[in-house]
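Below, each chain spelled out in residue letters.
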Amino acid sequence: MRIHNAGEMEELGRQLAAAGPAGIRIHLQGELGAGKTTLVRGYLRGCGYRGNVKSPTYTLVEPYLIEDKRVYHFDLYRIGEPEELEAIGLRDYLDGKSRILVEWPERAADLLPQPDLLLVIDIDGGERDLALRPLTEVGRRLLAALEPVHVQQE
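The rules we used
- Residues numbered from 1 in each chain as written.
- Predicted model: local features only at pLDDT ≥ 70, side-chain atom pairs only at ≥ 80, totals over all residues.
- Heavy atoms only, no water.
- Helix = DSSP H or I, 4+ residues; strand = E, 2+ residues; numbered from the N terminus.
- Buried < 20%, exposed > 50% of the residue type's maximum accessible area, 1.4 Å probe, protein only.
- Contact = heavy atoms within 4.5 Å.
- Areas by Shrake-Rupley, 256 points an atom, 1.4 Å probe, with all protein chains shown as cover.
- Lys, Arg positive; Asp, Glu negative; His and termini not counted.
- Charge placed at Lys NZ, Arg CZ, Asp CG, Glu CD.
- Pairing = 2+ DSSP bridges.

Enquirer: Pulling in residues and values, what's your account of the overall build of the protein chain?
Expert: For the protein chain, the count of helices and strands is 5 helices and 7 strands. Reading the protein chain from its N terminus to its C terminus gives the helix and strand order β-α-β-α-β-β-α-α-β-β-β-α. Once the C-alpha set of the protein chain is aligned to its principal axes, its extents read approximately 45 × 35 × 30 Å. Within the span of the protein chain, comprising 154 residues, buried residues form 48% of the whole. For the protein chain, the share of sequence-separated contacts (at least 6 apart) that also reach a separation of at least 24 residues comes to 65%. Total accessible area on the protein chain is roughly 7,700 Å²; 47% of this is exposed by carbon and sulfur atoms. The distance from the centre of the 19 positive side-chain charges to the centre of the 25 negative ones in the protein chain is 4 Å.

What follows is the structure, encoded as structure tokens:
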């Protein structure tokens, strides 16, 4: 999937939120500046969140309670050892009801369960190439529900 601007990245996040059930796990991979947090911002907007969305680079996790939805946004860029996730109570977040979005999941080694959907973002100039890989039946249903992303060019 080709993403031309930040608006399209946010729109994809909104669609993922609209189609994704409670308990969904989405992992986002890509270098710094690829648009992972932009996609999460769109996801949160799709859930109804209107506040500021910041990357939890230093806190590791940012919790959101939006109406009846619990969303946890993890950014694992700064963890030194995967075991640090045990110290923040990782297992408590993985309750099967909360929506989990993880940036830099590869830094967690095997401590994270398999995601329903893996998004790999590659930078190509000012645009992004996304590979959306469903890894569970929930992920396959989510992808089937997405519509082509069409947003006005910036």
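Enquirer: I'd like a rundown of the pairing of strand 5 (residues 99-103), residues and numbers included.
Expert: The buried fraction of strand 5 is high, at 5 of 5 residues. Side-chain alternation along strand 5 places Arg99, Leu101 and Glu103 on one buried face and Ile100 and Val102 on a second face that is also buried. Both strand 4 (residues 69-75) and strand 5 contribute to a ladder of 5 bridges, which runs parallel. Across the sheet, the residue bridging to histidine 73 is leucine 101, located in strand 5.

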